[in-house]
Amino acid sequence: MLPHGRKGAAMASFHLAVKTVSRSAGRSATAAAAYRAGVEIVDERTGLIHDYTRKSGVEHRELVLPPGAPEWAADRAALWNAAEQAETRKNSTVAREFELALPAELDAAQRRELVREFAREISERHGVAVDIAIHAPGREGDNRNHHAHLLVTTRRLGPEGLTEKTRELDQKQSGEVDRWRERWAEVQNRALERAGIAERVDHRSNKDRGIKREALPELTREEYQVERRTRQQAERAGKPYEPVTEAGKQREAVEERNRLREGMAKIAAFMRQTGERVADRARSVWSAIGKADQQQRQAEQQRQRELREAQAREQAKREALAKERERERAKERERAKERSRDRGPSR
């Protein structure tokens with residue numbers, strides 16, 4: 001069961017944890033795969049039969065393989081037995097798991113496609129096989145707790161089988177896990193946007209987001225059982241849940257204060273984003289106005305140039321016409337003189 005928000009809260013929840021399956025902890029890749037997928041796998045190395053066919057709540061199981069993977073790897077039992085046989089040390093890490101919280105705001109098909117997309121990215125980037133198991137919320141507890149387990153081989157899978165170790169996921173300084181946390185938030189938010197859902201997730205810690213959270217008071221096992229029964233009774237009766245133990249009341253009060261802080265932080269972030277959008281819009285408007293004004297000035301300057309050129313051409317025409325008329329008058333005076341000479345002196 002993965003951590004999730006309070007039931008009924010309109011808030012998408014983020015969770016990604018990367019864990020290892022190690023022999024030093026008495027675990028095996030075959031048992032982990034069988035349990036998560038709800039199937040039976042016989043461990044060829046130990047002879048143990050891991051039968052979880054009666055397990056309920058497995059909504060989807062699927063293998064995602066890298067390009068060039070051998071055909072036998074498409075068989076879940078063969079894949080994880082090969083992963084076991086590839087390791088020889090008694091403390092070997094035989095598998096790695098990405099544990100994911102899925103957005104309850106999406107429907108089953110959308111959640112399935114979301115997980116497939118993320119699994120394909122992991123497989124392609126690291127050259128590994130990814131075994132997807134999507135689980136429904138448990139019968140008890142938060143009914144929005146949809147989650148997925150991605151069981152990943154610790155060795156790259158090529159045409160020749162399992163080869164070198166994916167050390168980059170073992171080393172914290174590589175930044176790969178942090179990269180996948182950020183990428184998981186991006187993939188989820190894109191899926192929420194495609195579905196027309198306003199909610200978004202944030203992979204950053206509360207500290208990085210500037211959110212101060214009070215530590216929740218711990219409940220004893222007895223107090224937890226009492227509160228769980230009380231919550232279930234309230235849900236069956238269609239009534240709001242109210243804590244009954246003193247520790248439960250204190251925990252609820254702290255949760256309420258934390259929700260208020262998160263809400264205020266979201267409002268502040270929204271206001272910052274809105275302010276930035278308004279500022280961007282204002283800059284765009286002023287830029288458009290400036291461009292329009294510049295274009296108008298350039299057009300007016302062009303019009304004035306054309307007007308001056310037209311006036312100059314008109315003036316040149318008038319001056320040429322005046323000169324032509326003056327030449328005609330000069331010629332006429334010359335002709336008049338010639339006619340006067342031809343007639344001779346008057347008697």
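Here the structure is a predicted model, which means the values were calculated and not measured.

Engineer: Outline the sheet that holds strand 5 (residues 93-101), supporting the account with residue identities and numerical values.
Structural biologist: Spatially, 1-5-7-6-4 is the arrangement adopted by the 5 strands of the open sheet, whose pairing is antiparallel. Where the open sheet ends on each side, the last strands, each with one partner, are strand 1 (16-22) and strand 4 (58-64). Taking the axes of each pair of neighbouring strands and ignoring which way they run, one obtains an average angle of 20 degrees across the sheet. Pairing of strand 6 (residues 130-135) with strand 7 (residues 147-152) involves 6 bridges; the strand directions are antiparallel. Bridge assignment links histidine 135 to a residue of strand 7, and that residue is histidine 147. Against the sheet, helix 1 (residues 29-37) engages strand 1, strand 4, strand 5, strand 6 and strand 7, with an angle of about 155 degrees to strand 7.

Engineer: Can you lay out the packing of aromatic side chains for me, pointing to particular residues and giving the numbers?
Structural biologist: Each aromatic ring pair is characterised by the separation of its centres together with the angle its planes make. According to the stated counting rule, one finds 4 aromatic pairs in the structure shown. A ring pair is formed by tyrosine 35 and tyrosine 52, whose centres lie 5.2 Å apart and whose planes are at 85 degrees; its orientation type is edge-to-face. Of the two residues, tyrosine 35 is situated in helix 1 and tyrosine 52 in the loop between strand 3 (49-51) and strand 4; the sequence distance between them amounts to 17 residues. Taking relative accessible area as the criterion, tyrosine 35 reaches 38% and is therefore assigned partly exposed. Seen in terms of ring centroids, phenylalanine 118 and tryptophan 184 are 4.8 Å apart; in terms of plane orientation they differ by 45 degrees. Their pairing is tilted. You can see phenylalanine 118 sitting in helix 3 (residues 108-126) and its partner tryptophan 184 sitting in helix 4 (residues 176-194), a full 66 residues away along the chain. Of the aromatic side chains, those joined through ring pairs into one cluster are Phe98, Phe118, Trp180 and Trp184. Between the NZ or CZ atom of arginine 231 and the centre of the ring of tyrosine 241, over which it lies, the distance is 4.2 Å.

Engineer: A description of the side chain of glutamate 227 should follow, citing residues and the corresponding values.
Structural biologist: As for its position among the elements, glutamate 227 is in helix 5 (residues 221-237). We note that glutamate 227 is buried and unpaired, the nearest opposite charge coming from arginine 231 at a distance of 6.9 Å. Setting aside residues up to four positions removed in sequence, glutamate 227 forms contacts with Leu219, Tyr241, Pro243, Val244, Thr245 and Gly248.

Engineer: Can you explain helix 2 (residues 76-85)? Please cite residues and give values.
Structural biologist: Burial runs high along helix 2: 7 of the 10 residues are buried. For helix 2, the full list of buried residues reads Arg76, Leu79, Trp80, Asn81, Ala82, Ala83 and Glu84.

Engineer: Please give an account of the packing of helix 3 against helix 4 that cites residues and values.
Structural biologist: Closest axis-to-axis distance for the helix 3/helix 4 pair is 10 Å, and the angle between their directions is 145 degrees. Between helix 3 and helix 4 the crossing geometry is right-handed. Contact with helix 3, carried on its side by Leu114, Glu117, Phe118, Glu121, Ile122, Arg125 and His126, involves Glu176, Arg179, Trp180, Arg183, Trp184, Val187, Gln188, Arg190, Ala191 and Arg194 of helix 4 and no other residues of that element.

Engineer: Explain the pattern of salt bridges residue by residue, including any values.
Structural biologist: Throughout the structure, instances matching the rule amount to 30 salt bridges. The salt bridge partner of glutamate 113 is arginine 120, with a shortest N-O separation of 3.1 Å. Judged by its relative accessible area of 35%, arginine 120 is partly exposed. One connected set of salt bridges, linked through shared partners, spans Glu62, Glu113, Arg116 and Arg120.

Engineer: Got a sec to walk through the environment of arginine 229? Specific residues and values, please.
Structural biologist: Position of arginine 229 relative to the elements: it lies in helix 5. In this structure the C-alpha to C-alpha distance between arginine 229 and arginine 259, which are 30 residues apart in sequence, comes to 24 Å.

Engineer: Hey, could you go over the nonpolar core for me, with residue numbers and the actual values?
Structural biologist: Counting residues in hydrophobic clusters, the biggest one holds 28 residues, and the most contacted among them are Phe98, Phe118, Val130 and Leu150. Among the elements that line this core, the one with the most residues is helix 4, at 6 residues. Leaving out residues up to four positions away in the same chain, leucine 150 has contacts with Arg96, Glu97, Phe98, Leu100, Val115, Phe118, Ala119, Ile122, Val130, Asp131 and Ile132. Counting 20 residues, the second largest nonpolar core, distinct from the first, contains Ala32, Ala33, Ile41 and Ala129.

Engineer: Describe the confidence of the model for the protein, listing the residues and the values that go with them.
Structural biologist: For the protein, the average pLDDT comes to 88, and 94% of its residues sit at 70 or higher. Scored below 50 in pLDDT, residues 1-11 shows 34 contacts in the model against residues more than four places distant or in partner chains.

Engineer: Any chance you could break down the side chain of histidine 126 for me, citing the residues and the numbers?
Structural biologist: Mapped onto the elements of the fold, histidine 126 is located in helix 3. Here tryptophan 180 takes part through its side chain, which lies 2.9 Å from a polar atom of the side chain of histidine 126.

Engineer: Explain a nonpolar patch on the surface to me, and be specific about the residues and the numbers.
Structural biologist: A cluster of nonpolar side chains, namely Met264, Ile267, Phe270 and Met271, defines an oily patch on the protein surface of about 450 Å² accessible area. With respect to the element layout, phenylalanine 270 can be found in helix 6 (residues 246-343).

Engineer: I'd love a proper account of the packing of helix 1 against helix 2, names of residues and values included.
Structural biologist: Where helix 1 meets helix 2, the axes come as close as 8 Å, and the angle between the chain directions of the two elements is 150 degrees. One element, helix 1, and the other, helix 2, form an angle in the roughly antiparallel class. The segment helix 1 lies against helix 2, with Ala29, Thr30, Ala33 and Ala37 engaging Arg76, Trp80, Asn81 and Glu84. Split by residue class, the contact of helix 1 with helix 2 holds 4 nonpolar, 2 polar and 2 charged.

Rules used throughout
Residues numbered from 1 in each chain as written. Predicted model: local features only at pLDDT ≥ 70, side-chain atom pairs only at ≥ 80, totals over all residues. Heavy atoms only, no water. Pairing = 2+ DSSP bridges. Helix = DSSP H or I, 4+ residues; strand = E, 2+ residues; numbered from the N terminus. Axes fitted to C-alpha atoms, helices over the stretch in contact; angles between N-to-C directions. Contact = heavy atoms within 4.5 Å. Phe/Tyr/Trp six-rings, centres within 6.5 Å; stacked < 30°, edge-to-face > 60°. Buried < 20%, exposed > 50% of the residue type's maximum accessible area, 1.4 Å probe, protein only. Lys NZ or Arg CZ within 6 Å of the ring centre and 35° of its normal. Lys, Arg positive; Asp, Glu negative; His and termini not counted. Salt bridge = Lys/Arg side-chain N within 4 Å of Asp/Glu carboxyl O. Left-handed = near helix turned anticlockwise from the far one by under 90°. Core = buried A, V, L, I, M, F, W, Y, C linked by side-chain atoms within 4.5 Å. pLDDT = per-residue confidence, 0-100. Polar contact = N/O pair within 3.5 Å; in protein donor to acceptor, adjacent residues only side chain to side chain. Patch = residues over 30% accessible without salt bridge, like charges linked within 9 Å, V, L, I, M, F, W, Y side chains within 5 Å. Areas by Shrake-Rupley, 256 points an atom, 1.4 Å probe, with all protein chains shown as cover. Parallel < 35°, antiparallel > 145°, perpendicular 65-115°, else oblique. Nonpolar A, V, L, I, M, F, W, Y, C, P; charged D, E, K, R; others polar.

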